[in-house]
Amino acid sequence: MKNKWRNLLMLLAVILLVVLPLLLVNGDFGGADDAAESAITEIDPAYKPWFKPLAELPGETESMLFALQAALGAGVIGYTLGLLRGRQDRQKLND
């Protein structure tokens, strides 16, 4: 029964961490690229980028690619940690 309450409290904490910022923060959730671009043009209005992007992707596609990159990275990290933990457990059994 103790684990049930702990799991319920952790689920409630996660829900609060997701919902509260959306309710309490009134602002623009702009990206770092936009902030950097505005800072650069504020410092030097005549600045011209060295390179141009090969293609301008829609915002939804950029978000999807970013999420895919994060998921793949988390998968690699999780697999590596699981592999190392399995090796450690196997070594303890053999000793």
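Definitions and cut-offs
- Along each chain, residue indices are assigned from 1 in the same order as the chain's sequence is written.
- Reporting of local features is limited, given that this is a predicted model, to residues whose pLDDT is at least 70; pairs of side-chain atoms are given and counted only at 80 or more, and all residues count toward the totals for whole chains, interfaces and linings.
- The side-chain values count all of the structure's non-hydrogen atoms but skip hydrogen atoms and water molecules.
- Runs of H or I in DSSP of at least four residues are treated as helices and runs of E of at least two as strands, each being numbered from the N terminus.
- Every radius of gyration here is taken over C-alpha atoms, with the globule rule written as 2.2 Å times N^0.38, N being the number of residues.
- Burial classes: relative accessible area under 20% of the type maximum marks a residue as buried, over 50% as exposed, and values in between as partly exposed (1.4 Å probe, protein chains only).
- Charge convention: Lys and Arg are scored as positive, Asp and Glu as negative, and His as well as the terminal groups of each chain are ignored.
- For the purpose of locating charges, the reference atoms are NZ of Lys, CZ of Arg, CG of Asp and CD of Glu.
- Residues are said to line a cavity or pocket when one of their atoms sits within 4 Å of a point; the points come from a 1 Å grid over protein atoms alone, cavities being sets where a 1.4 Å probe fits but cannot get out and pockets being open sets with protein on both sides within 12 Å along at least five of seven lines.
- Grid points are joined across faces, edges and corners, and a volume is the space filled by probe spheres set on the points.
- Residues are grouped as follows: nonpolar covers Ala, Val, Leu, Ile, Met, Phe, Trp, Tyr, Cys and Pro; charged covers Asp, Glu, Lys and Arg; every other residue, Gly included, is treated as polar.
- Confidence scores labelled pLDDT are given residue by residue by the predictor and lie between 0 and 100.
- Nonpolar side chains (Val, Leu, Ile, Met, Phe, Trp, Tyr) are joined into patches within 5 Å and like charges within 9 Å, using only residues with over 30% relative accessible area and no salt bridge.
- Note on areas: these come from Shrake-Rupley sampling with a 1.4 Å probe, and a residue is covered only by the protein chains present in the view.
- For salt bridges, the criterion is a side-chain nitrogen of Lys or Arg within 4 Å of an Asp or Glu carboxyl oxygen.

**A few points about the overall build of the protein chain**
No. 1: When its secondary structure is counted, the protein chain shows three helices and zero strands.
No. 2: Across the protein chain, helices and strands are ordered from the amino to the carboxyl terminus as α-α-α.
No. 3: Relative to its length of 95 residues, the protein chain is extended, with a C-alpha radius of gyration of 22 Å against a globular reference of 12 Å.
No. 4: For the C-alpha atoms alone, the extent of the protein chain along its principal axes is close to 65 × 40 × 25 Å.
No. 5: Split into buried and exposed, the 95 residues of the protein chain put 0% on the buried side.
No. 6: A gap of 22 Å separates the mean positions of the 9 positive and 11 negative side-chain charges of the protein chain.

**A closer look at the layout of surface pockets**
No. 1: Volume-wise, the largest pocket comes out at about 460 Å³.
No. 2: Asp-33, Asp-34, Ala-36, Glu-37, Ile-40, Thr-41, Tyr-47, Pro-49, Pro-53, Ala-55, Glu-56 and Glu-62 are the residues that line the largest pocket.
No. 3: A per-element tally of the lining of the largest pocket places helix 2 (residues 32-43) first, with six residues.
No. 4: A breakdown of the residues in the lining of the largest pocket according to their chemical character gives six nonpolar, one polar and five charged.

**Focus: the confidence of the model for the protein chain**
No. 1: Across the protein chain, the average pLDDT comes to 89, with 96% of residues at or above 70.
No. 2: Here helix 2 stands out as the element of the protein chain with the lowest mean pLDDT, 87, in contrast to helix 3 (residues 59-94), whose mean of 93 is the highest.

**Comments concerning the environment of Met-64**
No. 1: Along the chain, Met-64 falls in helix 3.
No. 2: Sequence separation between Met-64 and Leu-11 is 53 residues, and the spatial gap between their C-alpha atoms is 26 Å.

**Side note on the environment of Arg-85**
No. 1: In this structure, Arg-85 sits in helix 3.
No. 2: Separated by 25 residues in sequence, Arg-85 and Glu-60 have C-alpha atoms that sit 37 Å apart.

**Some thoughts on a negative patch on the surface**
No. 1: Together, Asp-33, Asp-34, Glu-37, Glu-56 and Glu-62 give the surface a local cluster of negative charge.
No. 2: Along the polypeptide, Glu-62 turns up in helix 3.
No. 3: For Glu-62, a relative accessible area of 46% puts it in the partly exposed group.

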